[in-house]
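# Chains, contacts and geometry: an overview
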Amino acid sequence: MRHQRWGLELSALLALPSLITAVTFDCNHLRVDGQSFDLSALKGPHAVHYIEDTPPSLSNTTFTLDICNPLQRTKDVPKADECPGGTRVCGIETDYNLADGTSSIKKVVPIAGEYTSSNGRSMDPTLERLKNSASHGDSEREGVRVVLNGGNYPFDKSSGTPQKAIIEFVCDPDRTGLEHVEGDSREKVDDAAEGRMKRRADDDKKEDGDKGGDKGDDKDKEEEDDASLKFISYKTEGEADREAGVLRLEWRTKYACEGQTEHEPSKGKSNHWGFFTWFLIILFLGVAAYLIFGSWLNYNRYGARGWDLVPHGDTIRDLPYLMKDWGRSIVGTVQGHGTRGGYSAV
Ligand SMILES: *[C@@H]1O[C@H](CO)[C@@H](O)[C@H](O)[C@H]1NC(C)=O
């Protein structure tokens, strides 16, 4: 009961109870409106495609996202052909010229990510619970809407168009969320060993393999319709200086169902940890304040210098010796016990 009141007061402090901006985005512990969601089962890079017929070419935009970690660079792909470090959601448009069979990368759009160290933009994740939402449509559904920001296109231009991803995780008890969802199995750049990476032959072989798997288009189409992760739209939304490129995705998964993490006692546990941490912090601050104030008093009142400044300075100074003595006496006791039993075998 008490914890709940604390929770209420806290969310009141944060202004909007159902719309909370999380400082960090922990995919395994999204908390909104008193509900916890653990989406860590959906971790790793996942991709959806948006195909546009743009004669004479076919435009194929691949949106890759990883809700738990920044996307990693792909081995043997030039840096300019991928999103910058820190990206969580990336859009890459490839145009296939159907007439001459060539293809080229047209756009690389960093949509969301933590870029505080590169261009100063941050992901600013916003969570909103769908159930009991103010919107009529949403109130029927169960899940959480996540907005991830930070992107900009062109990335380095302050005049670029801001980008964001709106992902609705919708409760579907029959789905894990990985049904027919494309992963990204391409080998990633091992940051630790970036120096010894060039192995073209390997990758060429792999590319051939990928093409071989592209048969059965009808089956692909069916699977795409039934995929748990769905592309809804990507377009410019908002007017004038509030214009932004918005990617909308829908992800049906049982992990967006409420009560999915309720049986875990994590709620109470985290609270107790919270109190314990606070207790330690206050204790530490108290001791620090005592020492500082004591020193100041000793200095001003009694003109103390050096070790005499510190309250109980003698005891503190002797602490190592006391510890050593104590340790020695323990070792002595143990050894005493050992040798009392007679000679040990060598
Ligand atoms: C779009 O690109 C992806 C990855 O490059 C590929 O798997 C998919 O088949 C392409 N779709 C079409 C219709 O070309």
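Residues numbered from 1 in each chain as written. Predicted model: local features only at pLDDT ≥ 70, side-chain atom pairs only at ≥ 80, totals over all residues. Heavy atoms only, no water.

### Thoughts on the overall build of the chain
The secondary structure content of the chain amounts to six helices and 12 strands. Each of the 346 residues in the chain was classed as buried or not, and the buried ones make up 32%. A fraction of 57% describes how many contacts in the chain between residues 6 or more apart in sequence connect residues 24 or more apart. When the accessible surface of the chain is split by element, carbon and sulfur atoms take 56% of a total near 22800 Å². (Helix = DSSP H or I, 4+ residues; strand = E, 2+ residues; numbered from the N terminus. Buried < 20%, exposed > 50% of the residue type's maximum accessible area, 1.4 Å probe, protein only. Contact = heavy atoms within 4.5 Å. Areas by Shrake-Rupley, 256 points an atom, 1.4 Å probe, with all protein chains shown as cover.)

### Section: a nonpolar patch on the surface
A cluster of nonpolar side chains, contributed by Leu319, Leu322, Met323, Trp326, Ile330 and Val334, occupies part of the molecular surface with about 630 Å² of accessible area. With respect to the helices, strands and loops of the structure, Trp326 is situated in helix α6 (residues 313-340). (Patch = residues over 30% accessible without salt bridge, like charges linked within 9 Å, V, L, I, M, F, W, Y side chains within 5 Å. Salt bridge = Lys/Arg side-chain N within 4 Å of Asp/Glu carboxyl O.)

### Some remarks on the site of the ligand
Taken together, His49, Ile51, Asn60 and Tyr96 are the residues near the ligand. Bound to the protein, the ligand loses 53% of the 360 Å² it would expose on its own. Residues belonging to the shell around the ligand are distributed by class as follows: two nonpolar, two polar and no charged. (Near = heavy atom within 4 Å. Nonpolar A, V, L, I, M, F, W, Y, C, P; charged D, E, K, R; others polar.)

### So, the state of the cysteines
Here the structure, examined in full by the defined rule, presents three disulfides. Between the sulfur of Cys27 and that of Cys68 lies a disulfide, 2.1 Å long from S to S. A torsion of 110 degrees about the S-S bond marks the disulfide between Cys27 and Cys68 as right-handed. Taken as a pair, Cys27 in the loop between β1 (19-21) and β2 (30-32) and Cys68 in the loop between β5 (57-65) and β6 (87-97) lie far apart in primary sequence, 41 residues in all. A disulfide bridge connects Cys171 with Cys257, and the sulfur atoms are separated by 2.0 Å. With the S-S bond torsion at 85 degrees, the cross-link from Cys171 to Cys257 turns out right-handed. Placement of Cys171 in strand β10 (residues 161-171) and of Cys257 in the loop between β12 (244-253) and α5 (266-302) is noted, with a sequence separation of 86 residues between them. (Disulfide = S-S within 2.5 Å.)

### Remarks on the nonpolar core
One finds Ile67 and Phe169 to be the most contacted residues of the largest nonpolar core, which totals 31 residues. At the level of elements, β2, β5, β7 (102-113), β9 (143-153), β10, β11 (229-237) and β12 are the ones that each hand at least two residues to this core. With five residues, the next largest nonpolar core counts Cys83, Cys90, Ile92 and Val108 among its residues. (Core = buried A, V, L, I, M, F, W, Y, C linked by side-chain atoms within 4.5 Å.)

### Some words on the environment of Ala244
Summarising the element assignment, Ala244 is placed in strand β12. Each C-alpha atom of the pair Ala244 and Thr161 lies 5.7 Å from the other, and the pair is 83 residues apart in sequence. Beyond its immediate sequence surroundings of up to four residues, Ala244 is in contact with Thr161, Pro162, Lys235, Thr236 and Glu237.

### Focus: the environment of His29
By the secondary structure assignment, His29 is in the loop between β1 and β2. Each C-alpha atom of the pair His29 and Ser40 lies 8.3 Å from the other, and the pair is 11 residues apart in sequence. With residues near it in sequence (within four places) discarded, His29 still touches Ser36 and Phe37.

### Some points on the pairing of β9
When you tally the buried positions in β9, you get 10 out of 11 residues, the bulk of the element. As judged from the four bridges shared by strand β8 (residues 126-129) and β9, these two strands associate in the antiparallel manner. Bridging from a neighbouring strand, Thr126 pairs with Val147 of β9. Where β9 meets β10, nine bridges bridge the pair, whose relative direction is antiparallel. The partner of Leu148 across the bridge, within β10, is Ala165. (Pairing = 2+ DSSP bridges.)

### Here we look at the packing of aromatic side chains
The geometry of an aromatic ring pair comes down to the distance between the two centres and the angle between the two planes. Considering all chains together, one arrives at six aromatic pairs under this definition. Aromatic side chains Phe63 and Tyr234 sit 5.4 Å apart centroid to centroid with 55 degrees between the ring planes, which places their arrangement in the tilted category. Taken together, the residues Phe63 in strand β5 and Tyr234 in strand β11 connect sequence positions 171 residues apart. Using a relative accessible area of 25% as the deciding quantity, one classes Tyr234 as partly exposed. Geometrically, the ring pair formed by Phe169 and Trp251 is stacked, given 5.8 Å between the ring centres and 20 degrees between the ring planes. (Phe/Tyr/Trp six-rings, centres within 6.5 Å; stacked < 30°, edge-to-face > 60°.)

### Quick word on unusual backbone geometry
In this model, Pro55 is joined to Pro56 through a cis peptide bond whose omega is 10 degrees. If you check the backbone angles, Asp124 has positive phi at about 40 degrees while not being a glycine. Secondary-structure assignment places Asp124 in the loop between β7 and β8. In this model, Ala240 sits at a positive phi of 45 degrees, which is unusual for a non-glycine residue. Residue Ala240 is classed as exposed on the basis of its relative accessible area, which comes to 62%.

### Focus: the side chain of Glu82
Residue position: Glu82 is located in the loop between β5 and β6. Aside from chain neighbours lying at most four places away, what touches Glu82 is Gln72, Arg73, Thr74, Val77, Ile92, Val108 and Arg186.

By themselves, these are just geometric observations and shouldn't be taken as functional.
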